[in-house]
Amino acid sequence: MPTFAYKGRRAGGELVEGVLDGVSASAIVDLLRDQGLTPVDIREAKASSTRPGFGLNDALFRQKVSHIDLLLFSRQMHTLLKSGVPILRALNGLQDAAINPSMKSVIGEVRESLEGGRELSQALAKHPHVFSAFYLSMVRVGESTGMLEDIFFRLFEHLEFERFMREQVKSALRYPSFVVVTMAIAIVIVNVFVIPKFAEVFSKFGAELPLMTRMLLGFSNFMLAYWPALLAGAVGGVLAFRAWVGTADGRHSWDRMSLKIPIAGKILHKAALSRFARSFSLGIRSGVPVMQALSNSAQTVDNLYVARRVDSMRESVERGESLLRSAIDSGVFTPIVLQMVAVGEESGAVDDMMDEIGDMYRQEVEYGLKTLGQQIEPILIVMLGIMVLILALGIFLPMWDLGKVAIKR
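J.: Sorry if this is basic, but what is going on with the overall build of the protein chain here?
T.: A tally of regular secondary structure across the protein chain gives 17 helices and 3 strands. Here the protein chain, with 409 residues, has 40% of them falling under the buried criterion. Taking the contacts inside the protein chain whose residues are at least 6 apart along the sequence as the reference set, 63% of them involve residues at least 24 apart. Counting only carbon and sulfur atoms, one obtains 60% of the accessible surface of the protein chain, whose full area is about 22000 Å².

Right, here's the structure in full:
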């Protein structure tokens, strides 16, 4: 998600500076206005690996605030506020109980900001790399409605859903990744250590070798002669890809292409739609205006291409288009989602419909991830079979021919 550096002024004229993650500059404008700030300057900035308030040594040696830390913070805040504990006392207790030093420091700074007269949402906004725009917007709604403890529980459920989705994806990709890496290592070992030994045997007979064998020997000799360049090229390719994906345009292009990957692309698409539906439903149900809910939901889909499409929906709604028409024009929603949106608009229960969409796609994603290994396994077996066939034809066929020649002699 692109990072933007902003300058804004409060109603009293005080200049405020900071950074926020957002899909576009217009989304940042909405976030600032929602915080009671008048935007003065917004520029896209390179995302920093460190959070404000921490130096280089802290960034290198201190633990980062993890998803689990934020999840536990939300759950504990809900429990304490529901029990009637004052917010400053609750933060003080959470600061003392925090195990992660970075989270302890963040909670301490939030508590100090509250003691200085700031609202909780403003205090949390000083840490944009910990608390997302969606998180801040929900807390702001909780402050204005007096339902802060309920909002923290809904945020806990949302974060738990996000954690579940990520863990499922990692678990599903572990097996195919292991097989692909193993095959790559096997190819390197065969070409560097095995084929050269057979080449010495073949050279002693002086007979003409089959085409497949000559191709294998040529590829092996190429790897032996140019392995430093190949290694440097592989490392350079990985670094170049990471640098490209690190840019906003590169991330947008890669996220768009990832949705078209066979088998996995459908799962990624459904996961993005599930995140959008759940977060949009949560925002609407909590009293967030539709345009702000769309802007917040774009922050949670974990796919910049889909996020920008959702942000374009917000712009269409601002121009007076219906939610259904905006969803159709975005081009990323399936017919089922569009049908549910139409029913929700007609019945005035968009939040309920979107919540059902989120649950439906969550179940489909969970099933797709569980069967991902079974779907990819035939492809991996075919690839492994082709590799074994090439090695068999290239190595054992000439040995068989040479053996027949030796018997005739």
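J.: Even after reading the chapter, I still don't get the packing of helix H14 (residues 323–330) against helix H15 (residues 335–347), so can you show me in this structure?
T.: Any two packed helices are characterised by how steeply their axes cross, that is the angle between the axes, and by the distance between the axes. With their axes 9 Å apart at the nearest point, H14 and H15 run at an angle of 165° to one another. Accordingly, the angle class assigned to the pair H14 and H15 is roughly antiparallel. Once H14 is placed against H15, the crossing between them reads as right-handed. Between H14, through Leu323, Leu324, Ala327 and Ile328, and H15, the contact on the second element is made entirely by Leu338, Val341, Ala342 and Glu345. The residue inventory of the contact of H14 with H15, partitioned by class, reads 7 nonpolar, no polar and 1 charged.

J.: What's the story with the confidence of the model for the protein chain in this structure? I'm lost.
T.: Where the model shows low pLDDT, its predicted coordinates should not be examined in detail. Averaged over every residue, the pLDDT of the protein chain is 80; the share at 70 or more is 87%. Ranking the elements of the protein chain by mean pLDDT puts helix H2 (residues 56–61) last, at 45, and helix H3 (residues 67–82) first, at 90. Under a pLDDT of 50 for its full length, residues 47–61 has, in the predicted model, 15 contacts with residues more than four places off or in other chains.

J.: It is not clear to me how the environment of Met165 should be interpreted in this structure. Could you clarify?
T.: Here Met165 is to be found in helix H8 (residues 148–205). Setting aside residues up to four positions removed in sequence, Met165 forms contacts with Ala271, Arg275, Arg362 and Val365.

J.: Please clarify how the packing of helix H11 (residues 264–285) against helix H16 (residues 350–370) should be interpreted in this entry.
T.: The interhelical angle for the contact between H11 and H16, taken along N-to-C directions, is 150°, at an axis separation of 8 Å. One finds that H11 runs roughly antiparallel with respect to H16. H16 is crossed by H11, and the crossing has left-handed handedness. Taken together, the residues that form the contact of H11 with H16 break down as 13 nonpolar, 4 polar and 9 charged.

J.: Mind showing me how you'd approach the pattern of salt bridges here?
T.: Oppositely charged side chains may form a pair once their charged atoms are brought near each other. This model, assessed by the stated rule, comprises 13 salt bridges. Measuring nitrogen to oxygen at the nearest pair gives 2.7 Å for the salt bridge that ties Arg163 to Glu160. One end of the pair, Arg163, and the other, Glu160, are both in helix H8, 3 residues apart, so they sit about a helical turn from each other. With relative accessibility at 28%, the residue Arg163 sits in the partly exposed group. Through salt bridges with shared partners, a single ionic network connects Arg278, Arg285, Asp351, Asp352, Asp355 and Asp359.

J.: How should I be thinking about the environment of Met138 in this particular structure?
T.: For Met138, the position within the fold is in helix H7 (residues 133–145). Assessed through its relative accessible area of 0%, Met138 is described here as buried. A C-alpha to C-alpha distance of 8.8 Å links Met138 and Leu148, two positions 10 residues apart in sequence.

J.: Before we go on, may I ask you to explain the nonpolar core in this structure?
T.: Within soluble globular proteins, side chains that are nonpolar generally end up buried alongside one another. One finds Phe73, Phe131, Tyr135, Phe152 and Phe333 to be the most contacted residues of the largest nonpolar core, which totals 61 residues. Every residue in contact with Phe333, bar those within four places of it in the chain, is listed here: Leu273, Phe276, Val310, Met313, Ala327 and Leu338. Counting residues in each nonpolar core, the second largest holds 11 residues, with Phe161, Val179, Val365 and Ile376 among its members.

J.: When you look at a nonpolar patch on the surface in this model, what are you seeing that I'm missing?
T.: Among the surface-exposed residues, Val181, Ile185, Ile189, Phe193 and Val194 lie close enough to one another that they form a single nonpolar patch of about 440 Å² accessible area. Here Val194 is to be found in helix H8. Given the relative accessible area of 31%, Val194 is considered partly exposed.

J.: Even after reading the chapter, I still don't get H14, so can you show me in this structure?
T.: Buried within H14 we find Leu323, Ser326, Ala327 and Ser330. All buried residues of H14 lie within an arc of 100° about the axis, which places them on one face of the element. Elements in contact with the buried residues of H14: H11, helix H12 (290–298), helix H13 (304–318), H15 and H16. Among the residues trailing H14, Gly331 stands out with phi positive, at a value near 75°.

J.: I tried to follow the packing of aromatic side chains on my own but got confused; where do I start?
T.: By convention here, two paired aromatic rings are described through the distance between centres and the angle between planes. For the structure shown, the criterion picks out 10 aromatic pairs. Ring plane angle 35° and centroid distance 6.2 Å describe the contact between Phe153 and Phe156, whose orientation is recorded as tilted. Of this pair, Phe153 and Phe156 both sit in helix H8, 3 residues apart, which is roughly one turn of the helix. Its relative accessible area of 18% is what places Phe156 among the buried residues. Aromatic pair Phe276 and Phe280: ring centres 5.6 Å apart, planes at 10°, arrangement stacked. Of this pair, Phe276 and Phe280 both sit in helix H11, 4 residues apart, which is roughly one turn of the helix.

J.: Would you take a moment to explain empty space enclosed by the protein for this structure?
T.: A probe as big as a water molecule, rolled over the atoms, marks out the empty space that is left. With the rule as written, the count across this model stands at 1 cavity of 30 Å³ or more. When its volume is computed, the largest cavity comes out at roughly 50 Å³. Looking at the largest cavity, the residues that line it are Phe276, Phe280, Leu294, Met313, Leu323, Ala327, Phe333, Val341 and Met354. Residue assignment for the lining of the largest cavity shows that the elements contributing at least two residues are H11 and H14.

Conventions adopted
Residues numbered from 1 in each chain as written. Predicted model: local features only at pLDDT ≥ 70, side-chain atom pairs only at ≥ 80, totals over all residues. Heavy atoms only, no water. Helix = DSSP H or I, 4+ residues; strand = E, 2+ residues; numbered from the N terminus. Buried < 20%, exposed > 50% of the residue type's maximum accessible area, 1.4 Å probe, protein only. Contact = heavy atoms within 4.5 Å. Areas by Shrake-Rupley, 256 points an atom, 1.4 Å probe, with all protein chains shown as cover. Axes fitted to C-alpha atoms, helices over the stretch in contact; angles between N-to-C directions. Parallel < 35°, antiparallel > 145°, perpendicular 65-115°, else oblique. Left-handed = near helix turned anticlockwise from the far one by under 90°. Nonpolar A, V, L, I, M, F, W, Y, C, P; charged D, E, K, R; others polar. pLDDT = per-residue confidence, 0-100. Salt bridge = Lys/Arg side-chain N within 4 Å of Asp/Glu carboxyl O. Core = buried A, V, L, I, M, F, W, Y, C linked by side-chain atoms within 4.5 Å. Patch = residues over 30% accessible without salt bridge, like charges linked within 9 Å, V, L, I, M, F, W, Y side chains within 5 Å. Arc of directions from axis to C-beta. Phe/Tyr/Trp six-rings, centres within 6.5 Å; stacked < 30°, edge-to-face > 60°. 1 Å grid on protein atoms, 1.4 Å probe; cavity = no way out; pocket = protein on both sides within 12 Å on 5 of 7 lines; lining within 4 Å. Points joined across faces, edges and corners; volume = space filled by probe spheres on them.

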